[in-house]
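What follows is the residue order along each chain.
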Amino acid sequence: MSGVRTHDKRLLELGLTLPGFVERSRVVASLPSLGLLYLAACTPAGHELRYFEAESDGAEPIEVYLCDLVAISTFSAQIFEAYAIADRLRRAGVKVAMGGLHVSVLPEEALQHADYVVIGEGENVWPAVVEAAARQADPTIFRASDFEPVEISRLPMPRYDILGDRAYNRYTVQTTRGCPWRCEFCASTVMLRAPYRRRPVDQVARDIAAIEKLHPQAFIEFADDNTFVAKSWGKELCRALMPLNVKWFTETDISAADDEELLDLMYRAGCRQVLIGLESPSAGALSGLEQRADQKARWAPRYAEAVRTIQSHGVAVSACFVLGLDRHTTDVFREIIEFVEEVDPFDVQITLLTPFPGTPLYERLLKEERILQPRAWQLCTLFDVNYRPTRMTPQELREGIYWLGGQLYSDEATRRRRKGFFSQFRNERSPV
Ligand code: B12
Ligand code: SF4
């Protein structure tokens, strides 16, 4: 399902006027679903495969009604659109299977709309779903844990070839699955409950080469949660990517800054930007947020230096902040501006604390009776407030993101940061 989602009207309006917002939504407006391309690669022989996008208006293309079985991949923000599509398809006699992050945590909810619901990673389950559909089996829930675990070194090549000629801004490749950390609010692949795994680097290179053959000079986005946890594997990956001469973007934690050889290799291998979840500019608000080792609070005192180190190697940092953590007062908006002006990350991303279903955060806020509209999954956009913060009101939080967005994404602020990035990069490169 294409497109980005926000319901907050003021933010939508701001999105149309602030250059930084517009630029970013253009980039992420549409990416293909890598999960579905993996399923396509795991489909038993003898079936014809087609890939369709339901556009941002939630409408499905008419051709989808010609299918016998439709696989829908789900995130929370679009789940009601997905259910509506599933209901229409089933009324027309088409079988529907659903999987992905949302239905993996709420399978019973999904089973009211789909014939087959899959919990967890889809690759090894999918042939059984296809087989169930072929024999018109009754609606049921499939659990990945009842099948062989997905062997990361034997993932097939995603079927990029079925995407047709739709122009995507970027194409996604996975190099790792999961993340070793456990942030309270995290709704990423970490939710699929498998451990952190790295792919063999030659297979990653194989997948990228396949994309480049179909779409020369395509920009690659790694659909990872945290790529460079293991530094020596990271270096191996970069060495394998160098000959491909591609440009790419990924998400990683701040520890990438600890290894300058890695940073150098990343730049030489085509890494042009990393997105890093700093979450808050200082340690105070971060304490307890990462629940395994309190890692984010431990890293925070080094944030400024780490961002500069990464950027000095030519890799731009998109610094991400989550607004509305329990220890945040309205001072946080100003603190973020101060951090950003001091450090000049190339890009900044601000989102609101979001209680995604299945996360420890959702459970805690529900218990504390702080969720404003329980089960309003359409608000899981990262830009809509659906809980009561502790040290400000929901409205103060909303006003805060409008104000901060205005400050951070103005032409002038964007230009200033970019200038800062290039001067950090140049200083490193010029002979002393
Ligand atoms: C790429 C990406 C996008 C792309 C999505 C392209 C697409 N059509 O899929 C774009 C840029 C469009 C996007 C947009 C948004 N995204 Co996004 N995105 C990601 C990202 C970085 C990677 C997803 C990915 O490709 N994973 C790799 C694949 C292989 O894994 P997978 O999708 O989980 O699939 C596996 C299983 O889930 C399962 N499976 C999946 N689908 C199906 C279907 C069936 C039938 C079966 C059997 C199995 C199955 O099998 C697959 C293989 O094992 C994730 C972060 C993350 N690491 O997950 C965030 C993430 C998914 N996005 C998120 C959000 C919030 C959004 C937006 C709401 C943001 C916004 N305000 O607009 C929108 C919603 C978009 C929409 N239209 O619904 C959240 C979602 C959390 C949640 N519970 O919903 C995540 C987790 C980021 C985060 N940490 O907050 N996003
Ligand atoms: S570091 Fe990022 S991906 Fe890992 S658990 Fe925390 S929020 Fe999730």
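Refer to the structure presented above.
What counts, and where the lines are drawn
- Residues numbered from 1 in each chain as written.
- Chains lettered and ligands numbered in written order.
- Predicted model: local features only at pLDDT ≥ 70, side-chain atom pairs only at ≥ 80, totals over all residues.
- Heavy atoms only, no water.
- Near = heavy atom within 4 Å.
- Polar contact = N/O pair within 3.5 Å; in protein donor to acceptor, adjacent residues only side chain to side chain.
- Helix = DSSP H or I, 4+ residues; strand = E, 2+ residues; numbered from the N terminus.
- Nonpolar A, V, L, I, M, F, W, Y, C, P; charged D, E, K, R; others polar.
- Axes fitted to C-alpha atoms, helices over the stretch in contact; angles between N-to-C directions.
- Parallel < 35°, antiparallel > 145°, perpendicular 65-115°, else oblique.
- Left-handed = near helix turned anticlockwise from the far one by under 90°.
- Contact = heavy atoms within 4.5 Å.
- 1 Å grid on protein atoms, 1.4 Å probe; cavity = no way out; pocket = protein on both sides within 12 Å on 5 of 7 lines; lining within 4 Å.
- Points joined across faces, edges and corners; volume = space filled by probe spheres on them.
- Core = buried A, V, L, I, M, F, W, Y, C linked by side-chain atoms within 4.5 Å.
- Buried < 20%, exposed > 50% of the residue type's maximum accessible area, 1.4 Å probe, protein only.
- Pairing = 2+ DSSP bridges.
- Patch = residues over 30% accessible without salt bridge, like charges linked within 9 Å, V, L, I, M, F, W, Y side chains within 5 Å.
- Areas by Shrake-Rupley, 256 points an atom, 1.4 Å probe, with all protein chains shown as cover.
- Salt bridge = Lys/Arg side-chain N within 4 Å of Asp/Glu carboxyl O.
- Lys, Arg positive; Asp, Glu negative; His and termini not counted.
- Charge placed at Lys NZ, Arg CZ, Asp CG, Glu CD.
- Right-handed = clockwise from strand over helix to strand, strands pointing away.

Trainee: Give a detailed account of the site of ligand 1, specifying residues and quantitative values.
Mentor: Lining the immediate surroundings of ligand 1 are 45 residues, of which M1, R5, S76, Q78 and D225 lie closest. Take M1: an N or O atom from its main chain is 2.6 Å from a nitrogen atom of ligand 1. Taking T381, its main chain carries an N or O atom lying 2.7 Å from a nitrogen atom of ligand 1. Listed by contribution, the elements that provide at least two residues to the shell around ligand 1 are α3 (34-41), β1 (69-74) and β2 (95-100). In terms of residue class, the shell around ligand 1 is built from 24 nonpolar, 15 polar and six charged.

Trainee: Describe in detail the packing of helix α13 (residues 331-343) against helix α15 (residues 394-408), supporting the description with residues and values.
Mentor: Remark: α13 packs on α15, axes separated minimally by 10 Å, with the N-to-C direction vectors making an angle of 20°. Considering the angle they form, α13 stands roughly parallel to α15. The two elements α13 and α15 meet at a crossing, and its hand is right-handed. The segment α13 lies against α15, with F333, R334, I336, I337 and V340 engaging E396, L397, G400, I401, W403, L404, Q407 and L408. Of the residues in the contact of α13 with α15, the class split is nine nonpolar, two polar and two charged.

Trainee: Describe the site of ligand 2, naming the residues involved and giving the relevant values.
Mentor: Taken together, the residues surrounding ligand 2 are C179, W181, R182, C183, F185, C186, D225 and K296. Taken together, the residues of the shell around ligand 2 break down into five nonpolar, no polar and three charged.

Trainee: For the layout of surface pockets, give the residues involved together with the corresponding values.
Mentor: Once rolled over the atoms, a probe with the size of a water molecule shows which space is left empty. Estimated volume of the second largest pocket: approximately 360 Å³. Lining the second largest pocket are 20 residues, with G120, E121, A144, S145 and L192 sitting closest to its centre. In terms of residue class, the lining of the second largest pocket is made up of eleven nonpolar, four polar and five charged.

Trainee: An account of the nonpolar core is requested, with residue identities and associated values reported.
Mentor: Core analysis: the biggest nonpolar cluster contains 127 residues, and M98, L241, W248, M266, L278, F321 and L323 have the highest contact counts within it. In terms of residue count, α13 provides more of this core than any other element does, seven residues in total. Apart from residues lying up to four places away in sequence, W248 is in contact with F219, I220, F222, F228, C238, L241, M266, A269, G270, C271, R272 and Q273.

Trainee: Talk me through helix α9 (residues 231-241); I want residue IDs and the actual numbers.
Mentor: Three or four residues apart is the spacing at which side chains of an α-helix point the same way, because the helix has 3.6 residues per turn. Restricting attention to buried positions, one finds in α9 the residues K231, W233, G234, K235, L237, C238 and L241. Tucked into the core, α9 has its buried residues touching β6 (176-177), β7 (197-198), α8 (201-214), β8 (220-222), β9 (248-251) and α10 (260-268).

Trainee: Tell me about the sheet that holds strand β3 (residues 116-119), residues and numbers included.
Mentor: Within a sheet, neighbouring strands are paired by backbone hydrogen bonds and run either parallel or antiparallel to one another. The four strands are arranged β1-β2-β3-β4 in an open sheet whose pairing can be described as parallel. The open sheet has two free edges, formed respectively by β1 and β4 (140-143), since each of these has just one partner strand. The sheet shows a mean angle of 20° between the axes of neighbouring strands, direction not considered. Sheet analysis places β3 next to β4, joined by four bridges and oriented parallel. Directly across from I119, in β4, lies its bridge partner R143.

Trainee: An account of the sheet that holds strand β12 (residues 347-352) is requested, with residue identities and associated values reported.
Mentor: Here we have six strands laid out as an open sheet, ordered β5-β8-β9-β10-β11-β12, and parallel in their pairing. Across the chains shown, the open sheet's two edge strands, defined by having one partner strand only, are β5 (171-173) and β12. Strand-to-strand, the axes of this sheet are offset by a mean angle of 25°, without reference to chain direction. Of the pairings in the sheet, the one linking strand β10 (residues 271-279) to strand β11 (residues 316-323) comprises six bridges and is parallel in character. The residue of β11 that forms the bridge with Q273 is A316. Its contacts with the sheet place α8 against β5 and β8, and it is angled at close to 165° to β5. Lying on the sheet, α15 is in contact with β11 and β12; it crosses β12 at an angle near 170°.

Trainee: Let's hear about a negative patch on the surface: which residues, and what values?
Mentor: On the surface, D331, E335, E338 and E341 cluster together into a patch of negative charge. By secondary structure assignment, the location of E341 is in helix α13. With relative accessibility at 48%, the residue E341 sits in the partly exposed group.

Trainee: Which residues make up the packing of helix α12 (residues 303-312) against α13, and what values do they have?
Mentor: For the pair α12 and α13, interaxial distance at closest approach is 10 Å and the crossing angle is 40°. On the basis of the axis angle, α12 is oblique to α13. Pair α12 / α13 crosses with right-handed handedness. Taking contact as the criterion, the partners of Y303, A304, V307, R308 and Q311 in α12 are, on α13, F339, E342 and V343. Here the residues of the contact of α12 with α13 are counted per class, giving five nonpolar, one polar and two charged.

Trainee: Can you explain the pairing of β9? Please cite residues and give values.
Mentor: The sheet contact formed by β8 and β9 spans two bridges and is parallel. Considered in β9, the bridge of I220 is made with W248. Handedness of the crossover joining β8 and β9 through α9 is recorded here as right-handed.

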